[in-house]
Amino acid sequence: MARITVYSCYFGLYEPFNPEATAQEGDHARVVFTDHADLATPGVIFRQAEGEGDAGRLSRLAKLRPHLFFGDQDWVIYIDNGAKLSLPPAEIVARIEALYPGGAPAGRYLFRHKRRVCAYREARLCMRQGKIPRADYRRQVAHYQAAGFPEDWGLFVNTVMIQKMGDPATDAFNDAWHDHYMAFSRRDQVSLPFMLWQSGYPLRVLPFGMTDIAIWPFFRRWKRLKFQASVARKAAAAAE
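Residues numbered from 1 in each chain as written. Predicted model: local features only at pLDDT ≥ 70, side-chain atom pairs only at ≥ 80, totals over all residues. Heavy atoms only, no water.

By the naming in an unreviewed UniProt entry, the protein chain is DUF616 domain-containing protein, taken from Paragemmobacter kunshanensis.

> For this particular structure, what's the right way to read unusual backbone geometry?
Working note: non-glycine residues mostly have negative phi, and peptide bonds are mostly trans. Residue Pro-217 is bonded to the preceding Trp-216 through a cis peptide linkage, with omega at 0°. Topologically, Pro-217 is positioned in the loop between strand E8 (214-215) and helix H7 (221-239). Although it is not a glycine, Asp-152 adopts a positive phi angle of roughly 55°. Mapped onto the fold, Asp-152 is located in the loop between helix H4 (134-147) and strand E7 (156-164). (Helix = DSSP H or I, 4+ residues; strand = E, 2+ residues; numbered from the N terminus.)

> I tried to follow the pairing of E7 on my own but got confused; where do I start?
Across a regular strand the side chains alternate sides, sitting on one face of the sheet and then on the other. Counted residue by residue, E7 has 9 buried out of 9 residues, so it is predominantly covered. Here 5 bridges tie strand E4 (residues 75-79) to E7, and the two strands are oriented antiparallel to one another. Bridge pairing in E7 places Ile-79 opposite Val-160. When strand E6 (residues 107-112) meets E7, the two strands line up antiparallel, connected through 5 bridges. Bridge pairing in E7 links Gly-107 to Lys-164. (Buried < 20%, exposed > 50% of the residue type's maximum accessible area, 1.4 Å probe, protein only. Pairing = 2+ DSSP bridges.)

> How do you make sense of the packing of aromatic side chains when you look at a structure like this?
Aromatic ring pairs are reported here in terms of the distance separating the ring centres and the angle at which the planes meet. If you walk through the whole model with that rule in mind, you get 22 aromatic pairs. Here the aromatic rings of Tyr-144 and Phe-149 are separated by 5.7 Å at their centres, their planes lie at 85°, and the arrangement is edge-to-face. The class for Tyr-144 is buried, based on a relative accessible area of 2%. Under the relative-accessibility criterion, Phe-149 is labelled buried at 5%. Considering the side-chain rings of Phe-149 and Trp-153, the 6.2 Å spacing of their centres and the 55° angle between planes classify their relative orientation as tilted. An aromatic cluster is present here, built from Tyr-120, Tyr-144, Phe-149, Trp-153, Phe-194 and Trp-197 joined pairwise through their rings. Positioned above the aromatic ring of Phe-208 is the side chain of Arg-95, whose terminal nitrogen or guanidinium carbon lies 4.2 Å from the ring centre. Above the ring of Tyr-109, the side-chain terminus of Arg-204 is found at 5.9 Å from the ring centroid. (Phe/Tyr/Trp six-rings, centres within 6.5 Å; stacked < 30°, edge-to-face > 60°. Lys NZ or Arg CZ within 6 Å of the ring centre and 35° of its normal.)

> Looking at this structure, I do not really get the sheet that holds E7. What am I missing?
The pairing of strands in a sheet comes from backbone hydrogen bonds and takes either a parallel or an antiparallel form. The strand order E3-E2-E1-E4-E7-E6 describes an open sheet built from 6 strands, whose pairing is mixed. Looking along the sheet, the strands with just one partner apiece sit at the ends: strand E3 (45-48) and E6. For this sheet the average axis-to-axis angle between neighbouring strands, irrespective of direction, equals 25°. Running over the sheet, helix H1 (residues 55-64) touches strand E1 (4-10), strand E2 (29-34), E4, E6 and E7 and is turned about 170° from E1. Running at roughly 55° to E7, helix H6 (residues 188-199) makes contact with E6 and E7 of the sheet. (Axes fitted to C-alpha atoms, helices over the stretch in contact; angles between N-to-C directions. Contact = heavy atoms within 4.5 Å.)

In structure tokens, the structure reads:
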């Protein structure tokens, strides 16, 4: 039986904690990386944050570099706190393995974005939504253009990310991707296509979509806003 870990990250106070993100109990490990010391869910291992930085950057260490934490596993499935797997992890892995006679090769497996195909347009959208500061957007786009990165090269969904462990080339790619993320914007979905293109990393795009195996969004916008308002009220009361 394959050794599978489903893991998530919960940093800061952007939305409520989702204990269902790592799926129900089963033949897989469940891990959550966090900067909260008071979280507890039966069957889930909570790992405190390592390193320094804001919530976004702390969360990307485990998200982008699973080999630092799960080198003894066969498969790892990252899932955003705002999503929930709709299939058992073992079934997801079996679907991927069945695509390859003799077994799936080690490495990352990608979900193609359903609506957009361009990292430049994704970056512009994130900037307009306030997710990337304008100065960071301009610097990142200029870097990509100077490197010759083409428009409409492809875009992939990082809400759920799947990796078969045991490939040193993938580990090196993940390290380089994380370094690039730390040097530029906070949107790993923008930087992934560029890093894939620049490195020539093999594209293993799954024939099914992310929403075929996961429910997203798990939290509606009103619920996030309600949670954030509650956090603000508690902070104001504590400051009085």
